[in-house]
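If you want the building blocks of each chain, they are given just below.
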Amino acid sequence: MIRLIYAVLHEEMEEGFEDFLPDGLGHYEVMLFLVPVLLELKGEWKKYPPYTCIVYHPKQSIHYKAASGQLIYDWIRFDCDEPFFTEQFIPFGEPFPCYDYDNFHYYWHEIAYENIAGFRTRNYVLTQLMLILLYRLHDYAWQHQATPYQDALDTLRDEVYLNPAYPWTLPEMASRINISVRLLQKIYKKLFHISCMEDVITARISHAMHLLQNTDTTIQNISTLCGYNNVEHFCRQFKKRTGIPPKEYRRTASDHPAEKE
(Lines give C-alpha, C1' and ligand atoms only; values in the text may rest on other atoms or scores of the structure.)
Protein backbone atom coordinates (compact mmCIF):
# COMPACT_ATOMS: atom_id res chain seq x y z
CA MET A 1 0.00 0.00 0.00
CA ILE A 2 1.00 3.62 -0.49
CA ARG A 3 -0.03 6.19 2.12
CA LEU A 4 0.46 9.86 1.33
CA ILE A 5 1.42 12.07 4.29
CA TYR A 6 2.24 15.45 2.76
CA ALA A 7 2.42 16.86 -0.77
CA VAL A 8 3.84 20.38 -1.09
CA LEU A 9 4.36 22.35 -4.28
CA HIS A 10 6.80 25.18 -4.89
CA GLU A 11 7.89 25.66 -1.29
CA GLU A 12 10.16 28.66 -0.92
CA MET A 13 12.70 28.74 1.92
CA GLU A 14 14.61 31.84 2.95
CA GLU A 15 18.14 32.50 1.76
CA GLY A 16 20.63 30.53 3.84
CA PHE A 17 18.14 27.78 4.72
CA GLU A 18 19.74 24.40 5.43
CA ASP A 19 18.03 21.16 6.43
CA PHE A 20 19.91 18.39 8.21
CA LEU A 21 18.19 15.22 9.42
CA PRO A 22 20.95 12.72 10.25
CA ASP A 23 18.52 9.92 11.19
CA GLY A 24 16.05 10.49 8.38
CA LEU A 25 12.34 11.23 8.60
CA GLY A 26 10.84 7.84 9.38
CA HIS A 27 9.04 8.02 6.02
CA TYR A 28 9.98 8.06 2.36
CA GLU A 29 10.46 11.49 0.84
CA VAL A 30 10.92 12.58 -2.76
CA MET A 31 12.22 16.07 -3.47
CA LEU A 32 12.33 17.92 -6.78
CA PHE A 33 14.53 21.02 -6.60
CA LEU A 34 13.56 23.89 -8.91
CA VAL A 35 16.80 25.84 -8.35
CA PRO A 36 20.45 24.80 -8.03
CA VAL A 37 20.95 22.83 -4.81
CA LEU A 38 23.82 21.57 -2.69
CA LEU A 39 23.42 17.98 -1.45
CA GLU A 40 25.66 16.21 1.03
CA LEU A 41 26.19 12.62 -0.12
CA LYS A 42 28.52 10.27 1.74
CA GLY A 43 30.14 13.15 3.57
CA GLU A 44 30.79 15.31 0.51
CA TRP A 45 28.90 18.34 -0.79
CA LYS A 46 28.07 18.54 -4.47
CA LYS A 47 26.15 21.10 -6.51
CA TYR A 48 23.26 19.96 -8.74
CA PRO A 49 21.32 21.91 -11.37
CA PRO A 50 17.61 22.84 -11.34
CA TYR A 51 15.11 19.98 -11.75
CA THR A 52 17.23 17.54 -9.81
CA CYS A 53 15.25 14.82 -8.04
CA ILE A 54 16.18 12.64 -5.06
CA VAL A 55 14.30 9.97 -3.10
CA TYR A 56 15.20 9.18 0.51
CA HIS A 57 14.26 6.03 2.40
CA PRO A 58 12.89 6.41 5.98
CA LYS A 59 16.20 6.08 7.87
CA GLN A 60 18.48 7.81 5.40
CA SER A 61 20.42 10.91 6.39
CA ILE A 62 19.15 14.06 4.66
CA HIS A 63 21.29 17.18 4.28
CA TYR A 64 20.71 19.89 1.68
CA LYS A 65 20.74 23.66 1.14
CA ALA A 66 20.35 26.18 -1.67
CA ALA A 67 23.40 26.71 -3.82
CA SER A 68 22.60 30.45 -3.70
CA GLY A 69 19.60 32.58 -2.82
CA GLN A 70 16.29 30.97 -1.95
CA LEU A 71 15.68 27.24 -1.95
CA ILE A 72 12.58 26.37 -3.99
CA TYR A 73 11.37 22.81 -4.30
CA ASP A 74 8.45 20.37 -4.44
CA TRP A 75 8.30 17.47 -2.00
CA ILE A 76 6.13 14.49 -1.16
CA ARG A 77 6.32 12.45 2.04
CA PHE A 78 4.78 8.99 2.05
CA ASP A 79 4.85 5.40 3.30
CA CYS A 80 5.07 2.48 0.89
CA ASP A 81 5.26 -1.28 1.41
CA GLU A 82 4.79 -2.30 -2.23
CA PRO A 83 7.22 -5.14 -3.09
CA PHE A 84 8.54 -3.39 -6.21
CA PHE A 85 9.68 -0.29 -4.31
CA THR A 86 13.29 -1.14 -3.51
CA GLU A 87 16.80 0.27 -3.90
CA GLN A 88 16.92 -1.47 -7.27
CA PHE A 89 13.73 0.26 -8.43
CA ILE A 90 14.82 3.78 -7.48
CA PRO A 91 18.35 4.30 -6.10
CA PHE A 92 17.67 5.93 -2.74
CA GLY A 93 19.76 8.96 -1.86
CA GLU A 94 21.17 9.34 -5.38
CA PRO A 95 20.22 12.50 -7.33
CA PHE A 96 19.04 12.23 -10.91
CA PRO A 97 17.74 14.77 -13.45
CA CYS A 98 14.04 15.26 -14.23
CA TYR A 99 14.13 15.69 -18.01
CA ASP A 100 10.50 16.60 -18.65
CA TYR A 101 9.51 18.81 -15.74
CA ASP A 102 6.49 20.54 -17.28
CA ASN A 103 4.68 17.27 -18.06
CA PHE A 104 5.97 15.44 -15.01
CA HIS A 105 4.88 18.25 -12.68
CA TYR A 106 1.26 17.60 -13.64
CA TYR A 107 1.26 14.46 -11.45
CA TRP A 108 2.70 16.36 -8.48
CA HIS A 109 -0.05 18.96 -8.86
CA GLU A 110 -2.80 16.32 -9.06
CA ILE A 111 -1.46 14.51 -5.99
CA ALA A 112 -1.42 17.72 -3.96
CA TYR A 113 -4.97 18.54 -5.12
CA GLU A 114 -6.43 15.09 -4.42
CA ASN A 115 -4.83 15.09 -0.99
CA ILE A 116 -6.96 18.05 0.15
CA ALA A 117 -10.02 17.88 -2.14
CA GLY A 118 -11.93 15.41 0.04
CA PHE A 119 -13.41 13.22 -2.70
CA ARG A 120 -14.82 9.85 -1.70
CA THR A 121 -12.37 8.08 -4.01
CA ARG A 122 -9.37 9.95 -2.59
CA ASN A 123 -7.40 6.92 -1.41
CA TYR A 124 -7.76 5.01 -4.66
CA VAL A 125 -6.91 8.01 -6.85
CA LEU A 126 -3.91 8.96 -4.72
CA THR A 127 -2.58 5.41 -4.91
CA GLN A 128 -2.83 5.38 -8.70
CA LEU A 129 -1.24 8.83 -9.03
CA MET A 130 1.59 7.89 -6.67
CA LEU A 131 2.23 4.72 -8.67
CA ILE A 132 2.49 6.79 -11.85
CA LEU A 133 4.86 9.21 -10.15
CA LEU A 134 7.09 6.44 -8.76
CA TYR A 135 7.30 4.65 -12.09
CA ARG A 136 8.13 7.93 -13.83
CA LEU A 137 10.90 8.51 -11.28
CA HIS A 138 12.14 5.01 -12.04
CA ASP A 139 12.29 5.92 -15.73
CA TYR A 140 14.28 9.07 -15.00
CA ALA A 141 16.67 7.33 -12.60
CA TRP A 142 17.47 4.53 -15.06
CA GLN A 143 17.18 6.60 -18.24
CA HIS A 144 20.05 4.89 -20.04
CA GLN A 145 19.49 1.28 -19.01
CA ALA A 146 16.66 0.18 -21.30
CA THR A 147 16.32 -3.40 -22.57
CA PRO A 148 15.77 -4.14 -26.29
CA TYR A 149 12.46 -5.73 -25.26
CA GLN A 150 11.25 -2.66 -23.37
CA ASP A 151 8.49 -1.57 -25.77
CA ALA A 152 7.06 -5.09 -25.95
CA LEU A 153 7.23 -5.50 -22.17
CA ASP A 154 5.59 -2.11 -21.60
CA THR A 155 2.75 -3.18 -23.90
CA LEU A 156 2.41 -6.54 -22.14
CA ARG A 157 2.30 -4.87 -18.74
CA ASP A 158 -0.38 -2.44 -19.93
CA GLU A 159 -2.45 -5.42 -21.05
CA VAL A 160 -2.07 -7.08 -17.64
CA TYR A 161 -3.31 -3.99 -15.82
CA LEU A 162 -6.13 -3.38 -18.31
CA ASN A 163 -7.29 -7.02 -18.16
CA PRO A 164 -6.70 -8.30 -14.61
CA ALA A 165 -9.41 -10.99 -14.97
CA TYR A 166 -7.55 -12.69 -17.83
CA PRO A 167 -6.00 -16.04 -16.79
CA TRP A 168 -2.41 -14.85 -17.16
CA THR A 169 0.33 -17.49 -17.11
CA LEU A 170 4.06 -17.30 -17.74
CA PRO A 171 3.85 -19.28 -21.01
CA GLU A 172 1.03 -17.02 -22.25
CA MET A 173 2.97 -13.87 -21.40
CA ALA A 174 6.19 -15.18 -22.96
CA SER A 175 4.38 -16.17 -26.15
CA ARG A 176 3.14 -12.61 -26.65
CA ILE A 177 6.74 -11.42 -26.90
CA ASN A 178 7.98 -14.56 -28.64
CA ILE A 179 10.65 -15.33 -26.05
CA SER A 180 11.23 -18.14 -23.58
CA VAL A 181 9.65 -18.16 -20.13
CA ARG A 182 13.11 -18.05 -18.56
CA LEU A 183 14.13 -14.95 -20.52
CA LEU A 184 10.78 -13.29 -19.80
CA GLN A 185 11.21 -13.78 -16.06
CA LYS A 186 14.75 -12.39 -16.19
CA ILE A 187 14.12 -9.25 -18.22
CA TYR A 188 10.71 -8.49 -16.67
CA LYS A 189 12.24 -8.49 -13.19
CA LYS A 190 15.20 -6.43 -14.39
CA LEU A 191 12.98 -3.79 -16.00
CA PHE A 192 10.08 -3.55 -13.51
CA HIS A 193 11.77 -4.89 -10.34
CA ILE A 194 8.91 -7.26 -9.68
CA SER A 195 8.26 -10.78 -10.99
CA CYS A 196 5.68 -11.36 -13.72
CA MET A 197 3.17 -13.18 -11.54
CA GLU A 198 3.63 -10.83 -8.59
CA ASP A 199 2.77 -8.00 -10.98
CA VAL A 200 -0.35 -9.86 -12.11
CA ILE A 201 -1.40 -10.11 -8.45
CA THR A 202 -0.68 -6.40 -7.96
CA ALA A 203 -2.90 -5.56 -10.96
CA ARG A 204 -5.71 -7.75 -9.63
CA ILE A 205 -5.62 -6.39 -6.09
CA SER A 206 -5.47 -2.81 -7.39
CA HIS A 207 -8.59 -3.48 -9.49
CA ALA A 208 -10.30 -5.09 -6.50
CA MET A 209 -9.59 -2.00 -4.37
CA HIS A 210 -11.21 0.16 -7.04
CA LEU A 211 -14.31 -2.05 -7.22
CA LEU A 212 -14.64 -2.23 -3.44
CA GLN A 213 -14.49 1.54 -3.19
CA ASN A 214 -16.71 2.44 -6.07
CA THR A 215 -19.30 -0.31 -6.51
CA ASP A 216 -21.75 -2.31 -4.41
CA THR A 217 -21.13 -5.58 -6.23
CA THR A 218 -20.53 -8.61 -4.05
CA ILE A 219 -17.08 -9.75 -3.01
CA GLN A 220 -17.79 -13.06 -4.78
CA ASN A 221 -18.33 -11.16 -8.04
CA ILE A 222 -15.31 -8.93 -7.44
CA SER A 223 -13.10 -11.98 -7.02
CA THR A 224 -14.29 -13.23 -10.42
CA LEU A 225 -13.81 -9.83 -12.06
CA CYS A 226 -10.25 -9.81 -10.76
CA GLY A 227 -9.35 -13.24 -12.12
CA TYR A 228 -9.95 -15.45 -9.09
CA ASN A 229 -11.97 -18.67 -9.33
CA ASN A 230 -11.99 -19.10 -5.56
CA VAL A 231 -13.28 -16.29 -3.34
CA GLU A 232 -11.44 -17.62 -0.27
CA HIS A 233 -8.14 -17.48 -2.15
CA PHE A 234 -8.98 -13.94 -3.29
CA CYS A 235 -9.71 -12.84 0.28
CA ARG A 236 -6.46 -14.35 1.56
CA GLN A 237 -4.42 -12.67 -1.16
CA PHE A 238 -6.19 -9.34 -0.67
CA LYS A 239 -5.50 -9.38 3.08
CA LYS A 240 -1.88 -10.36 2.48
CA ARG A 241 -1.40 -7.36 0.19
CA THR A 242 -3.44 -4.72 2.05
CA GLY A 243 -3.37 -5.94 5.65
CA ILE A 244 -7.18 -6.13 5.94
CA PRO A 245 -9.95 -8.34 4.45
CA PRO A 246 -12.01 -7.03 1.51
CA LYS A 247 -15.13 -6.36 3.61
CA GLU A 248 -13.18 -4.27 6.09
CA TYR A 249 -11.45 -2.40 3.27
CA ARG A 250 -14.84 -1.54 1.78
CA ARG A 251 -16.10 -0.23 5.13
CA THR A 252 -13.05 1.93 5.81
CA ALA A 253 -12.15 3.09 2.29
CA SER A 254 -15.52 4.04 0.87
CA ASP A 255 -18.94 5.39 1.72
CA HIS A 256 -20.72 2.34 0.36
CA PRO A 257 -22.72 0.35 2.90
CA ALA A 258 -21.75 -3.21 3.63
CA GLU A 259 -22.79 -5.51 0.81
CA LYS A 260 -26.01 -7.49 1.11
CA GLU A 261 -25.35 -11.18 1.52
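Remember, it's a predicted structure, so these values are computed and weren't measured experimentally.

A.B. asks: Describe in detail the overall build of the protein chain, supporting the description with residues and values.
C.D. replies: Helices and strands together make up the secondary structure of the protein chain, namely 9 helices and 9 strands. Relative to a compact globule of 261 residues, whose C-alpha radius of gyration would be 18 Å, the protein chain shows 20 Å and is just as compact. Principal-axis analysis of the C-alpha atoms gives the protein chain an extent of 60 × 45 × 30 Å. Expressed as a percentage of its 261 residues, the buried residues of the protein chain come to 47%. In the protein chain, of all internal contacts separated by at least 6 residues, the share reaching a separation of at least 24 is 73%.

A.B. asks: So what's going on with the sheet that holds strand S9 (residues 96-97)? Which residues, and what values?
C.D. replies: Read across the sheet, 5 strands follow the order S1-S8-S3-S6-S9 without closing on themselves; strand pairing throughout is antiparallel. Where the open sheet ends on each side, the last strands, each with one partner, are strand S1 (2-13) and S9. The pairing of strand S3 (residues 28-33) with strand S8 (residues 71-80) spans 6 bridges and is classified as antiparallel. Among the inter-strand pairings, leucine 32 is bridged to a residue of S8, identified as aspartate 74. In this fold helix H1 (residues 101-117) packs onto S1, S3, strand S6 (52-56) and S8, with an angle of close to 115° to the strand it touches most, S1. Across the sheet, helix H2 (residues 122-141) lies against S1, S3, S6, S8 and S9, angled at about 65° from S1, the strand it touches most.

A.B. asks: Tell me about the state of the cysteines, and name the residues and values.
C.D. replies: The full count for this structure, using the stated rule, is 0 disulfides. Free of any disulfide, cysteine 98 has its nearest neighbouring cysteine sulfur in cysteine 53, separated by 6.0 Å.

A.B. asks: Let's hear about the pairing of S6: which residues, and what values?
C.D. replies: Most of S6 is tucked away, with 5 of its 5 residues classed as buried. Of the two faces of S6, both are covered, the one formed by Thr52, Ile54 and Tyr56 as well as the one formed by Cys53 and Val55. Taken together, the 5 bridges between S3 and S6 define a ladder with antiparallel strand orientation. Looking at S6, one finds that methionine 31 is bridged to isoleucine 54. With 2 bridges connecting them, S6 and S9 associate as antiparallel partners. The partner of threonine 52 across the bridge, within S9, is proline 97.

A.B. asks: Outline the packing of helix H4 (residues 170-177) against helix H5 (residues 181-192), supporting the account with residue identities and numerical values.
C.D. replies: Packing of H4 against H5 leaves a shortest axis separation of 9 Å and a crossing angle of 85°. It follows from the interaxial angle that H4 and H5 lie roughly perpendicular. Between H4 and H5, the residues in contact are Leu170, Pro171, Met173, Ala174 and Ile177 and Val181, Leu184, Gln185 and Tyr188, respectively. Among the residues making up the contact of H4 with H5, the classes are represented as 8 nonpolar, 1 polar and no charged.

Criteria and thresholds
- Residues numbered from 1 in each chain as written.
- Predicted model: local features only at pLDDT ≥ 70, side-chain atom pairs only at ≥ 80, totals over all residues.
- Heavy atoms only, no water.
- Helix = DSSP H or I, 4+ residues; strand = E, 2+ residues; numbered from the N terminus.
- Rg over C-alpha atoms; globule rule 2.2 N^0.38 Å.
- Buried < 20%, exposed > 50% of the residue type's maximum accessible area, 1.4 Å probe, protein only.
- Contact = heavy atoms within 4.5 Å.
- Pairing = 2+ DSSP bridges.
- Axes fitted to C-alpha atoms, helices over the stretch in contact; angles between N-to-C directions.
- Disulfide = S-S within 2.5 Å.
- Parallel < 35°, antiparallel > 145°, perpendicular 65-115°, else oblique.
- Nonpolar A, V, L, I, M, F, W, Y, C, P; charged D, E, K, R; others polar.

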